[in-house]
Amino acid sequence: MRTRNYFAAIAMLAALALPTGVQADQFLADFRGFDYEDPNNTPGFGSIGDGYNSLGIVLSVNPALLTIDNVNNEYTYRFYNLAAVGSETAAPFLFVFYSPGDFDIYEDSRSLGTASDYGTNPVNATAPSTFIDGTNILGGTVTNFVLTLDLSSGTGSFNGDIAFSRGTQSGSIPPAQLSGWTFAGLTSGGGTGTPAGYQHQVDGEIRVPDVVPATPATWGQVKSTYRR
Amino acid sequence: MTRRGNRLALMAALFVVLTPAAAFAQTGTIADWGPNSYAWESNYTAATYISNPGSQLNAVGIVDDFAGTLAVLEPIPAGREYTYWMLNLVSQGTVITPGGFANTYRTVYVTTGPSAPNIALYTSPVNASFGTNPPNATVPSTFNDGPLVLSGSFQQITVTFIRRNSDQMVLSGNADTGTPSVANGVFNGGSALPLVSTNGQPCPFRVTGGWLAKAGSFPAGFSAHFDGKIDIDCPTPALESTWGRVKGQYR
């Protein structure tokens, strides 16, 4: 028992000795796009029952977890099926809480596919259709989605958890990293290029837990590490 | 006004309306950085997420996408990188707005002077390295080396993020320099300046994007992960003319 305590103590010390710079999460994908409400039954943004949607392009991914070819393919994303179920105000900020929804990334050939096109006033003839054609390479369920808006400036952000469960490349992500999360900044107004009918420019990332590589070993191998 | 005058006025109005939305009218993103981008401050209390008044804010990162009028810089050649440096910004102190779900942390950083560069893009062979506890041997030096691609000034940048009350977890955030104007977001140098100018006048710009102050999302000694970009708001150019020249177009 004393020996086990010894190794447990060493393991704890090793954990404590990790440099403070160790990152607790890891980059998965970088995206940029726009958002809109559909359905939008009530005037104003974030009304109860309104649906939150965001479409855009995937700019880069973590090559250790996903494989993309941005030269020959276009990669697009979509947040959808998120319905506002509650809100709270702490002036000038508004928090909007959403029901579980979905997130997907698609791969579409630049030569054979259809280029993504936001158009205006979505849903329209090209949005979301040109963002969800091609191959679904990764997707999952979004939960705990919260959107924060500064009602005075029109800027804000969102945050949510994503459990990946589908897509041709979901198998390339280690099981321990299939539960990720997302964040993004939201901006509206001059310079953002927000097409008519969209609400905000969206710029964010998907991140996943960082997993420290571990090599399976027997107790004998562990103990031999500490023998001369 | 005579009938002829009315006709000319109508024509002039049509002329303005029918002028193509200009070869250069442009709004939207021109440069974007994401996973490799971090900020640090000279007087930031990490345990409380408080930026103390007078703290100097810097951020550096690697550009991963050019768009709009800077799309000509794509694809970025292998072995080459474009980096950015955000600088000369001073904290006015963090203000916390309490809420039931979360407290909101907001800090305004103002420029150190009207002509001080606040954002600069450089290009160099790949060498950018963050290290820890900036400024250090590689930050900002490996992000501000090589030729200057673009530089500009803005008045302030506002950083806002929320901290959930139930578990004190820092969630999403945003950074934004605000609506571009001739006084806020002015390019003033770099080899790509002509690409973001119209009729010799630099386009107004804004720096904006996601801000992640959650510990564990950036290397030790940095204060936040900044997934941001530069957006421009170029006006439709107009050529000065005389009534005679306008009328001459229709003769």
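Residues numbered from 1 in each chain as written. Chains lettered and ligands numbered in written order. Predicted model: local features only at pLDDT ≥ 70, side-chain atom pairs only at ≥ 80, totals over all residues. Heavy atoms only, no water.

1. A short note on the pairing of strand β10 (residues 170–176) of chain B
All names here are of chain B. Taken across its seven residues, β10 has seven buried, putting it largely inside the fold. Counting the residues between successive antiparallel strands, the hairpin from strand β9 (residues 156–164) to β10 contains five residues, one of them, Gln168, with a positive phi of roughly 65°. Inspection of the sheet shows β10 paired to strand β14 (residues 205–212) by three bridges, in the antiparallel sense. Looking at β14, one finds that Ala175 is bridged to Gly209. (Buried < 20%, exposed > 50% of the residue type's maximum accessible area, 1.4 Å probe, protein only. Helix = DSSP H or I, 4+ residues; strand = E, 2+ residues; numbered from the N terminus. Pairing = 2+ DSSP bridges.)

2. Topic: the environment of Leu57 of chain B
Residue and element names in this part refer to chain B. With respect to the helices and strands, the residue Leu57 is situated in strand β4 (residues 56–66). Residues Leu57 and Ile157, 100 residues apart in the sequence, show an inter-C-alpha distance of 10.0 Å. In this structure, Leu57 is in contact with Ala39, Trp40, Glu41, Met86, Leu87, Asn88, Leu89, Tyr109, Ile157 and Trp211, ignoring residues within four places of it in sequence. (Contact = heavy atoms within 4.5 Å.)

3. Here we look at the interface of chain A and chain B
Every contact between the two is made by 41 residues of chain A and, on the other side, 46 residues of chain B. Carbon and sulfur atoms make up 51% of the area that chain A and chain B hide from each other, which totals about 3000 Å². With a closest N to O distance of 3.1 Å, Asp65 of chain B and Arg32 of chain A form a salt bridge. Residue assignment for the side of chain A that touches chain B shows that the elements contributing at least two residues are β1 (25–37), β2 (51–61), β3 (73–90), β4 (93–98), β6 (135–150), β7 (156–166), β8 (179–187) and β9 (200–209) of chain A. The greatest single-element share of the side of chain A that touches chain B, amounting to six residues, is contributed by β8 of chain A. Taken together, the residues that form the side of chain A that touches chain B break down as 14 nonpolar, 19 polar and eight charged. (Buried area = accessible area lost by both parts, 1.4 Å probe. Salt bridge = Lys/Arg side-chain N within 4 Å of Asp/Glu carboxyl O. Nonpolar A, V, L, I, M, F, W, Y, C, P; charged D, E, K, R; others polar.)

4. With respect to the nonpolar core
Counting residues in each nonpolar core, the largest one holds 41 residues, and the members touching the most others are Met86, Ile119, Leu121, Val207 and Trp211 of chain B. Counting residues per element, this core draws most heavily on strand β15 (residues 224–234) of chain B, at five residues. Contact partners of Trp211 of chain B, with chain neighbours within four places excluded, come to Phe183 of chain A together with Ala39, Leu57, Val159, Phe161, Ser172, Gly173, Asn174, Ala175, Ala224, His225 and Phe226 of chain B. Listed in part, the 34 residues of the second largest apolar core include Phe31, Leu65, Phe158 and Val202 of chain A. (Core = buried A, V, L, I, M, F, W, Y, C linked by side-chain atoms within 4.5 Å.)

5. Some points on the packing of aromatic side chains
One pass over the full model with this rule turns up 34 aromatic pairs over all chains. On the basis of an interplanar angle of 65° and a centroid distance of 5.5 Å, the ring pair of Phe95 of chain A and Phe101 of chain B is categorised as edge-to-face. Of this pair, Phe95 of chain A sits in strand β4 while Phe101 of chain B sits in the loop between β5 (80–97) and β6 (102–111), placing the two residues on different chains. Each member of the pair, Phe95 of chain A together with Phe101 of chain B, is buried. Look at Tyr105 of chain B and Phe161 of chain B: their rings are 5.3 Å apart centre to centre, the planes differ by 10°, and that puts the pair in the stacked class. (Phe/Tyr/Trp six-rings, centres within 6.5 Å; stacked < 30°, edge-to-face > 60°.)

6. Thoughts on the confidence of the model for chain A
Looking at chain A as a whole, its pLDDT mean stands at 88, while 82% of the residues score no less than 70. Confidence drops under pLDDT 50 across residues 1–22 of chain A; counting only partners more than four residues distant or on other chains, this segment forms nine contacts. (pLDDT = per-residue confidence, 0-100.)

7. Quick look at the state of the cysteines
All names here are of chain B. Overall, the coordinates contain one disulfide over all chains when judged by the stated rule. The side chain of Cys203 participates in a disulfide bridge whose partner is Cys234; the two sulfur atoms lie 1.6 Å from each other. Handedness here is read from the sign of the S-S torsion; for Cys203 and Cys234, about 40°, the answer is right-handed. Taken together, the residues Cys203 in the loop between β13 (201–202) and β14 and Cys234 in strand β15 connect sequence positions 31 residues apart. Cys234 carries the same exposure label as Cys203, and that label is buried. (Disulfide = S-S within 2.5 Å.)

8. Notes on the pattern of salt bridges
Counted according to the given criterion, the structure contains 11 salt bridges over all chains. Linking Arg106 of chain B and Asp150 of chain A is a salt bridge whose minimum nitrogen-to-oxygen distance equals 2.6 Å. Of the two residues, Arg106 of chain B sits in strand β6 while Asp150 of chain A sits in strand β6, which places them in two different chains. Arg164 of chain B is paired through a salt bridge with Asp167 of chain B; the nearest N and O atoms lie 2.7 Å apart. Each of Asp25, Glu205 and Arg207 of chain A together with Lys214 of chain B takes part in a single network of salt bridges with overlapping partners.

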